Amino acid sequence: MVDSGGIWRPGRAEDEVAQVLEAAQVLVEQGRVDEAEPYQQKAVRLAYELIDNYPNDSRGRHLLASTSYELAASLNALERYDEALVALDNAESGYIELASSGQVDVAPQLADVQARRAMTQAHRGYGATAVLEIDSAVITYGALSAGESSLQPDFARVLAMNALILRRYGDADLAVASADAAIRLFLQLAGQINHAPQAPSYARYLCTASAVAADIHAEAGRFEVALQADEIGVSTADTLADSDSPADLRTLVGMLTRKGRHLAEMGRQDEAEVCLESAFATDREMADQVVAEISQPLPPTLTSALDLAAEHLGEFEEYGRLCALTKPAEGMTLATVSGRCDPETAALRGVELAALVRPLFAKDTQAALTLGLEAHYLFALSSERQSQHMRYELSSFGPPWAQVLLDISKAYQEAGAMEFALDLAGSAATVAGMLIPFAGGDDAIRALAATCFRHNGDLLAANGDFTASEHAHGAARKLEANDL
């Protein structure tokens, strides 16, 4: 390609990028992601060439960021999650660079990267990290869409992603609130969405929200509401399945299976059999997968875990304050963890929740895990938003955060949920690193930090990451020797 002195002119490389991206998009829409991914990789390489040849033109960097973002979606579909995270880091770096130049407003794109990273982390089993990533994306899109109606469909999309992640790794009450909000927004925006090029993508997220809402409402005994969500999901999935995409057909099978199971639970056997027979005849493997998924009971919500704590441990002073977390904070809608309270209160409630975890483990492991996770989320959000407590009183608030992470990580390890355990162990090591400045004069903090590093090192080794494991063990040895 001829260097034009930094002035972008149409030419062979630019035409090639457009052709490659168009070919990739066609393959993705056909569900042939494994064939699309090499085209996307090529587009990334061409984008780097354009940046090198036109360093003063922002369009090359924008192309690199957007193509890396799309590449991550394909890598996720191919279950190459570590590579997907690298692609998302590249996309984020590109958008941040564009933002710093002052040429482009990339706030929605950065929120999209966060949301896709959250889904990637969820796919690889790093559920706690996923919950915190998607929380930030929801809050960002909520603020952006309030002043820009064109962003509301994407806000609904991110709410659906949030619902799916919370169903797996968070509070089902938050998950169903997010799913219901996504469904309402999608339906309100149907006229706008149906004429958009992204209409099939939005429809798939509507199916996601419908599935989460139907499952959780049904488990809570709200079958009429569940069936309303089922109907929306089946109708939407049926329209999508006309594309002959295997993925869309599986979505329809999943929605039919859910509806059939929920009808059966209501005693409407004839209608249930029609749905289930159609689903199993179309894709038995997918139908079996959905049956197995919805047959698993959801973990306790924060509300039920607090009630179980009171039942097992007796009345405790903090009960009323902690129950207030199950109601939305002022000016918030309770569909995210950060909607529970302000950052300063989050640190205080985190300490109170964490104090219940160890005594509750002996009585009810699932309730203890719920309280432990909620404590971690509150600590993390308080820290991320730089509350006064976490900035200036970390020696007081950091140790209970590290301890609860260590305890619940070990519990998930014992349960065989190794990815989730490793996710929490990594967070424990991060908090331990934050506590090092206080460790020299405090034996308890030093011992706790060393234990966090050692536990993380053990899990890293079990996962085959021996270099990172040795680094973690080395940090533990330094702390144990007080070699700071």
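Preceding this paragraph is the structure being described.
Residues numbered from 1 in each chain as written. Predicted model: local features only at pLDDT ≥ 70, side-chain atom pairs only at ≥ 80, totals over all residues. Heavy atoms only, no water.

Visitor: Explain the side chain of R157 to me, please; I cannot follow it from the model alone.
Guide: Here R157 lies in helix α7 (residues 152-169). Note on R157: relative accessible area 8%, which makes it buried. Side chain to side chain, R157 and D112 meet in a polar contact 2.6 Å long. Those residues in contact with R157, other than ones at most four positions away along the chain, are Y69, D112, Y141, F186, Y202 and Y205. (Helix = DSSP H or I, 4+ residues; strand = E, 2+ residues; numbered from the N terminus. Buried < 20%, exposed > 50% of the residue type's maximum accessible area, 1.4 Å probe, protein only. Polar contact = N/O pair within 3.5 Å; in protein donor to acceptor, adjacent residues only side chain to side chain. Contact = heavy atoms within 4.5 Å.)

Visitor: Help me understand the packing of helix α20 (residues 394-414) against helix α22 (residues 443-462), please; the structure alone is not making it clear to me.
Guide: When two helices pack together, their arrangement is given by the angle between the helix axes and by the axis-to-axis distance. Packing of α20 against α22 brings their axes to within 10 Å, and their N-to-C directions diverge by 30°. Our classification of the angle between α20 and α22 gives roughly parallel. The handedness of the crossing between α20 and α22 is left-handed. Of α22, the residues touching α20 (which contributes S395, P399, A402, Q403, L406, S409, K410 and Q413) are I445, L448, T451, C452, H455 and L459. (Axes fitted to C-alpha atoms, helices over the stretch in contact; angles between N-to-C directions. Parallel < 35°, antiparallel > 145°, perpendicular 65-115°, else oblique. Left-handed = near helix turned anticlockwise from the far one by under 90°.)

Visitor: Is there a simple way to explain the environment of F453 in this structure?
Guide: Mapped onto the elements of the fold, F453 is located in helix α22. Among the residues examined, F453 registers a relative accessible area of 11% and is labelled buried. Residue contacts for F453: discarding those within four places in its chain leaves A429, A432, G433, I436, A472, A475, A476 and L479.

Visitor: Just to check I follow, could you spell out the nonpolar core for this structure?
Guide: Across soluble globular proteins, nonpolar side chains have a tendency to be buried as a group. Counting residues in each nonpolar core, the largest one holds 107 residues, and the members touching the most others are I134, I165, L353, L371, Y377 and L424. When neighbours within four sequence positions are excluded, I165 is seen to be in contact with A118, M119, A122, A130, V131, I134 and G170. Judged by nonpolar contacts, the second largest core, of 24 residues, contains V20, L50, A65 and A84. (Core = buried A, V, L, I, M, F, W, Y, C linked by side-chain atoms within 4.5 Å.)

Visitor: Would you take a moment to explain the packing of aromatic side chains for this structure?
Guide: The description of an aromatic ring pair rests on the distance of the ring centres and on the angle between the ring planes. For the structure shown, the criterion picks out 5 aromatic pairs. Between F186 and Y202, the ring centres sit 6.3 Å apart and the planes meet at 50°, which makes this aromatic pair tilted. Residue F186 is located in helix α8 (residues 172-188), and its partner Y202 is located in helix α10 (residues 199-219); the two are separated by 16 residues in the primary sequence. Both residues of the pair, F186 and Y202, belong to the buried class. A centroid spacing of 5.8 Å and a plane angle of 80° characterise the contact between F316 and Y319, whose relative ring orientation is edge-to-face. Among the aromatic residues, ring-to-ring pairing joins Y169, Y412 and F420 into one connected group. (Phe/Tyr/Trp six-rings, centres within 6.5 Å; stacked < 30°, edge-to-face > 60°.)

Visitor: Teacher, can you tell me more about unusual backbone geometry here?
Guide: We note that E79 has phi near 60°; this positive angle belongs to a residue other than glycine. With respect to the helices, strands and loops of the structure, E79 is situated in the loop between α3 (58-77) and α4 (81-100). The class for E79 is exposed, based on a relative accessible area of 60%.

Visitor: Help me understand the pattern of salt bridges, please; the structure alone is not making it clear to me.
Guide: Close approach of charged atoms allows side chains with opposite charge to pair. Tallying each qualifying case throughout the model produces 29 salt bridges. For R117, the salt bridge goes to E92, with nearest N and O atoms at 2.9 Å. Of this pair, R117 sits in helix α5 (residues 107-123) while E92 sits in helix α4; the two residues are 25 residues apart in sequence, bridging distant segments of the chain. For R117, a relative accessible area of 6% gives the class buried. Judged by relative accessible area, E92 falls into the partly exposed class, the value being 22%. The closest approach of N and O atoms between R204 and D248, which form a salt bridge, is 2.8 Å. In this pair, R204 sits in helix α10 while D248 sits in helix α12 (residues 246-265), placing the two residues 44 residues apart along the sequence. One salt-bridge network, held together by shared partners, links D89, E92, R117 and E133. (Salt bridge = Lys/Arg side-chain N within 4 Å of Asp/Glu carboxyl O.)

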